[in-house]
Amino acid sequence: MTAHHAVLDTFCKGVWINNKSADAADGRTFDIENPANGEPLCRVADAGETEAMQALDAAVAAQAAWAATSPRLRSDILRRGFDLLTARTEELAQLITLEMGKSVAESRGEVAYSADFLRWFSEEAVRIRGDYTANPTGPGRIALIRQPVGPCLLITPWNVPLAMAARKVGPALAAGCTTVLKPAEQTPLTALLFAEIMQEAGLPAGVLNVVPTSRPEVVATPLLADPRLRKVSFTGSTEVGRLLIRASADNVLRTSMELGGNAPFIVCADADVDAAVAGAMVAKMRNVGEACIAANRFYVHEAVVDEFSEKLVARLERLSVGDGSTPGTDVGPLIDGEQRDKVVALVADAVDHGAEVVLGGAPPEGAGYYYPPTVLRGVSPNCRMNSEEIFGPVAPLTTFTDDEEALRLANDTEYGLVSYVFTSDYGRALWFAERLEAGMVGLNRGFISNAAAPFGGIKQSGLGREGGDVGIDEYLEVKYVAMGPE
């Protein structure tokens with residue numbers, strides 16, 4: 001029998017439109033599964049085209065009034081959202097763990113990170129500036145006005161369900177845009193509770209609408225085809241991102257795409273190995289390895305690979321694997337059976353290409369979608385996990401002999417989200433930072449996420465930036481006004 005979780009009783013589980021919860025018009029629902037045991041947690045309304053258009057209708061109806069709302073009022077609402085998220089950390093953390101699987105300790109960290117986006121963009125809301133200058137070629141003046149793009153479709157992934165919602169909703173609301181949020185089908189509960197919290201913070205009806213669905217194409221297709229929608233922001237796989245960009249072309253929608261990653265983690269011969277191992281624990285094991293910024297390929301100089309490997313294994317061996325809601329758990333389950341099967345296949349492929357399993361390497365028996373921390377040595381550059389995101393707690397180690405080789409291996413990918421480099425030489429650090437083909441670089445640190453910094457990649461890893469002082473620009477249009485006299 002499925003265990004009852006009190007946190008599930010505290011909010012509505014219908015579609016969220018105009019600050020109200022409702023069933024799907026056709027009565028459809030779908031199960032939300034607990035990855036710790038594979039059992040259903042609850043059922044949620046399954047939105048279709050009807051609910052998608054109702055949500056867009058609500059966003060369109062609210063757009064003019066929300067855009068006209070004073071920046072200070074928008075700022076105050078976001079700030080109250082920060083306070084409420086912070087105050088309800090335990091409730092939100094339990095919910096994230098139930099539907100996504102990570103440990104409650106990590107979920108608490110996600111809540112803090114999410115709240116920080118609301119605080120950051122509450123501050124940015126009152127700093128949207130224009131310009132006014134003399135015409136350098138003659139009479140008149142040049143004025144620039146920044147105005148909200150308009151109704152936005154925000155599509156979020158399952159791995160950090162609250163943080164990705166806050167990272168998109170925060171700047172959209174600060175800029176004066178209304179929104180339709182489509183959370184991942186595996187983790188809609190957090191988004192629904194987030195919407196209720198934002199209503200409590202004072203957000204008017206229609207500004208944030210949430211459409212949970214097990215049929216994302218049924219919801220997204222009519223929204224992208226509607227000329228009233230003016231922007232789509234997506235975090236997820238590059239494959240789906242390409243489809244959304246194509247679908248956005250007919251209406252020339254503004255697009256923000258935070259797509260796949262294949263992060264290299266470079267440990268130079270002069271690196272502080274203990275610091276590199278500590279960084280690897282964060283860059284690899286945060287979020288059970290299910291993160292686009294997770295270290296995916298470890299390139300370790302041949303002079304320090306033995307020390308690095310031994311110390312990394314020693315750290316990973318101490319981690320406890322189990323239900324994320326159990327106190328003391330370090331590594332929770334993967335999101336579902338499909339993801340666990342992918343990790344199993346990638347490890348098997350690496351072994352077939354000559355890799356040695358130093359730690360882990362096989363899922364345990366029993367219920368739940370668990371995979372243990374795993375270290376592989378002698379991983380071939382030709383195996384699948386060097387070109388595909390692992391999205392699991394697996395560290396594949398490949399050696400290199402000089403900086404040029406490390407750089408070549410690191411850049412040999414279609415992706416360019418983040419790279420990590422550990423070295424004690426300041427000049428070498430800058431050499432790598434300037435030449436690595438990535439939108440973000442972590443120098444001697446494995447944790448780079450920061451609401452105050454621009455997050456995003458290059459190449460096949462996406463378009464645009466989220467966070468930092470440029471994050472709000474994704475939701476603003478620049479209007480030029482030529483002022484007389486002639």
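(A) Broad picture of helix H13 (residues 426–435). Taken together, the buried positions of H13 are occupied by Ala429, Trp431 and Phe432. End-on, the buried residues of H13 take up no more than an arc of 160°, which puts them together on one face. In H13, those exposed residues whose orientation departs by more than 90 degrees from the buried face are Tyr426 and Glu434. If you follow the buried residues of H13, they end up packed against strand E12 (263–267), helix H12 (403–411), strand E18 (418–422) and strand E19 (440–443). Near the N-terminus of H13, the side chain that reaches the backbone nitrogen of glycine 427, with its oxygen 2.9 Å away, is that of aspartate 425.

(B) Summary view of H12. Here H12 has its buried residues at Ala406, Leu407, Leu409, Ala410 and Asn411. Packing partners of the buried residues in H12 comprise E12, strand E13 (295–301), strand E16 (394–400), H13 and strand E20 (458–459). Taking the backbone nitrogen of glutamate 404 as reference, a side-chain oxygen 3.2 Å away marks aspartate 402 as the first, capping residue of H12.

(C) Just the nonpolar core, in detail. Of all hydrophobic cores here, the largest spans 65 residues; its most connected members are Phe194 and Met198. Ranked by the residues each element gives to this core, the list is headed by helix H5 (residues 161–175), at 10 residues. Setting aside residues no more than four positions away along its own chain, methionine 198 makes contact with Ile77, Leu78, Gly81, Leu118, Leu173, Leu203 and Leu208. The next biggest cluster of nonpolar side chains, apart from the first, holds 50 residues, and it includes Val313, Leu316, Val379 and Met440.

(D) The arrangement of the packing of helix H3 (residues 89–100) against helix H4 (residues 104–124) in detail. At their nearest, the axes of H3 and H4 sit 8 Å apart, and the two run at 120° to each other. For the element pair H3 / H4, the angle class is oblique. Classified by chirality, the crossing of H4 by H3 is right-handed. Residue-level contacts link Thr89, Glu90, Leu92, Ala93, Ile96 and Thr97 of H3 to Val104, Ser107, Arg108, Glu110 and Val111 of H4. Residue composition of the contact of H3 with H4, by class: five nonpolar, three polar and three charged.

(E) Just unusual backbone geometry, in detail. Residue proline 485 follows glycine 484 across a cis peptide bond; omega there is 5°. Within the secondary structure layout, proline 485 lies in the segment after strand E22 (476–483). Even without being a glycine, asparagine 287 presents a positive backbone phi close to 65°. Residue position: asparagine 287 is located in the loop between helix H9 (273–285) and E13. A positive phi angle is found at lysine 459, which is not glycine, with a value near 50°. Within the fold, lysine 459 resides in strand E20. Residue lysine 459 is classed as partly exposed on the basis of its relative accessible area of 36%.

(F) Local environment of the pairing of E16. The buried fraction of E16 is high, at six of seven residues. One ladder, built from four bridges, connects E13 with E16; its direction is parallel. The partner of phenylalanine 298 across the bridge, within E16, is leucine 397. Pairing of strand E15 (residues 374–377) with E16, which is carried by three bridges, proceeds in the parallel orientation. From the neighbouring strand, valine 375 faces E16, where its bridge partner is alanine 395.

(G) A look at the packing of aromatic side chains. As enumerated under the stated definition, the model contains eight aromatic pairs in all. On the basis of an interplanar angle of 65° and a centroid distance of 4.9 Å, the ring pair of tyrosine 113 and phenylalanine 117 is categorised as edge-to-face. Taken together, the positions of tyrosine 113 and phenylalanine 117, both in helix H4 and four residues apart, correspond to about one turn of that helix. Residue class for phenylalanine 117 comes out buried when judged on its relative accessible area of 1%.

(H) The environment of glutamine 63, seen in detail. Its location among the elements puts glutamine 63 in helix H1 (residues 49–68). C-alpha of glutamine 63 to C-alpha of threonine 178: the two residues are 115 residues apart in sequence and 5.6 Å apart in space. Discounting residues that sit within four places of it in the chain, glutamine 63 has contacts with Pro148, Gly150, Pro151, Gly176, Cys177 and Thr178. A distance of 2.8 Å separates a polar atom in the side chain of glutamine 63 from the backbone oxygen of glycine 176.

About the criteria used
Residues numbered from 1 in each chain as written. Predicted model: local features only at pLDDT ≥ 70, side-chain atom pairs only at ≥ 80, totals over all residues. Heavy atoms only, no water. Buried < 20%, exposed > 50% of the residue type's maximum accessible area, 1.4 Å probe, protein only. Helix = DSSP H or I, 4+ residues; strand = E, 2+ residues; numbered from the N terminus. Arc of directions from axis to C-beta. Contact = heavy atoms within 4.5 Å. Polar contact = N/O pair within 3.5 Å; in protein donor to acceptor, adjacent residues only side chain to side chain. Core = buried A, V, L, I, M, F, W, Y, C linked by side-chain atoms within 4.5 Å. Axes fitted to C-alpha atoms, helices over the stretch in contact; angles between N-to-C directions. Parallel < 35°, antiparallel > 145°, perpendicular 65-115°, else oblique. Left-handed = near helix turned anticlockwise from the far one by under 90°. Nonpolar A, V, L, I, M, F, W, Y, C, P; charged D, E, K, R; others polar. Pairing = 2+ DSSP bridges. Phe/Tyr/Trp six-rings, centres within 6.5 Å; stacked < 30°, edge-to-face > 60°.

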